[in-house]
Amino acid sequence: MLEVVVSGLVTGWAIAIPIGAVGAFLVALTARTSFRVGACAALGIATVDGVYAALAVVAGAALSTLLEPVATPLRIVSGVVLLVIAGLTAAHAIATQGRPRAASPVGALRAYAMFVGITAVNPATVVYFAAVVLGNRHLVSSALEGCVFVLAAFVASASWQLLLAGGGAALGRVATGQRGHLVTGLVSAVVIAGLAVHTMLP
């Protein structure tokens, strides 16, 4: 059972730690709002990782085959969504110059739902979990081991995403004032746009 726990943790960290567009957006959102909002967004990402890990345990091979024909369209949709987010981030940063800064332009529940949606359209996550599970059948030979694997993957993903949210909150405290708000907003928009384009490339 310890091997299952370790495997789940390593698998969850391996998919979570490489910072892509979603991770960059998480840091940017937290810097512009609060740790509470960022933490909810982080749990949204971890929720999808946990669900995809569960789907991989239950039907990994079938899901990989099903997603293969639509992997490219899903990747493009994910990139387009992130480009829209980049544009909105830049527009908001520019539009709020000279006005009192809103305490929280995005609420906690909205942030959670937004990050569930963004993460869910990434087919690479479920394919990754399916590959790990299919390549290590002996690790999840029972329902209990499957549950432990999924829980460990969720905990690993959540721990890393919450760490990113903490970094975003620290950045938000440093970058105070209208100028800092503008700079962090525009830099975030550029990073998200660049990573979105990378997401759409084969």
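Scroll up to find the structure this text is about.
Residues numbered from 1 in each chain as written. Predicted model: local features only at pLDDT ≥ 70, side-chain atom pairs only at ≥ 80, totals over all residues. Heavy atoms only, no water.

Novice: Explain a nonpolar patch on the surface residue by residue, including any values.
Specialist: Residues Ile 76, Val 80, Val 84 and Leu 88 make up a contiguous nonpolar surface patch of about 340 Å² in total accessible area. Mapped onto the elements, Ile 76 comes out in helix H4 (residues 71-95). The class for Ile 76 is partly exposed, based on a relative accessible area of 37%. (Patch = residues over 30% accessible without salt bridge, like charges linked within 9 Å, V, L, I, M, F, W, Y side chains within 5 Å. Areas by Shrake-Rupley, 256 points an atom, 1.4 Å probe, with all protein chains shown as cover. Salt bridge = Lys/Arg side-chain N within 4 Å of Asp/Glu carboxyl O. Helix = DSSP H or I, 4+ residues; strand = E, 2+ residues; numbered from the N terminus. Buried < 20%, exposed > 50% of the residue type's maximum accessible area, 1.4 Å probe, protein only.)

Novice: Give me the lowdown on the layout of surface pockets, citing residues and values where you can.
Specialist: Its boundaries defined by the atoms lining it, the second largest pocket holds a volume of some 320 Å³. In terms of lining residues, the second largest pocket is bounded by 13 residues, among which Phe 25, Leu 88, Thr 89, Val 106 and Arg 110 are the most central. Every element with two or more residues in the lining of the second largest pocket is listed here: helix H2 (21-32), H4 and helix H5 (108-120). Classifying every residue of the lining of the second largest pocket gives 8 nonpolar, 3 polar and 2 charged. (1 Å grid on protein atoms, 1.4 Å probe; cavity = no way out; pocket = protein on both sides within 12 Å on 5 of 7 lines; lining within 4 Å. Points joined across faces, edges and corners; volume = space filled by probe spheres on them. Nonpolar A, V, L, I, M, F, W, Y, C, P; charged D, E, K, R; others polar.)

Novice: Quick one: what's the story with the side chain of Thr 30, residue by residue and with numbers?
Specialist: Structurally, Thr 30 can be placed in helix H2. Beyond its immediate sequence surroundings of up to four residues, Thr 30 is in contact with Phe 35, Gly 38, Ala 165, Gly 168 and Ala 169. (Contact = heavy atoms within 4.5 Å.)

Novice: Quick one: what's the story with helix H1 (residues 2-16), residue by residue and with numbers?
Specialist: Over its 15 residues, H1 runs 21 Å from end to end, which matches the ideal 21 Å to within 8%, given 1.5 Å per residue. Among the residues making up H1, those that are buried are Val 4, Ser 7, Gly 8, Thr 11, Gly 12 and Ala 16. Across the axial projection of H1, the buried residues extend over an arc of 150 degrees, all falling on one side. Relative to its buried face, H1 has exposed residues pointing more than 90 degrees away, namely Leu 2 and Glu 3. (Expected span 1.5 Å × (residues − 1). Arc of directions from axis to C-beta.)

Novice: Could you give an account of the nonpolar core, with specific residues and numbers?
Specialist: Among the nonpolar cores identified, the biggest contains 16 residues, and Phe 25, Leu 26, Leu 29, Ala 41, Ala 111 and Phe 115 are the most heavily contacted of them. At the level of elements, H2, helix H3 (35-67), H5 and helix H7 (143-174) are the ones that each hand at least two residues to this core. With 4 residues, the top contributor of residues to this core is H3. The residues touching Leu 29, leaving out its near neighbours within four places in the chain, are Val 37, Ala 41, Val 106, Ala 111 and Phe 115. Residues Val 4, Ala 53, Val 57 and Val 150 belong to the second largest nonpolar core, which totals 6 residues. (Core = buried A, V, L, I, M, F, W, Y, C linked by side-chain atoms within 4.5 Å.)

Novice: Quick one: what's the story with the packing of aromatic side chains, residue by residue and with numbers?
Specialist: The tally for this structure, following the rule as stated, stands at 1 aromatic pair. Ring centres 5.1 Å apart and planes at 15 degrees place the aromatic pair Phe 25 and Phe 115 in the stacked group. With a gap of 90 residues between them, Phe 25 in helix H2 and Phe 115 in helix H5 connect regions that are remote in the sequence. Taken as a pair, Phe 25 and Phe 115 share a single burial class, namely buried. (Phe/Tyr/Trp six-rings, centres within 6.5 Å; stacked < 30°, edge-to-face > 60°.)

Structural measurements only, silent on function.
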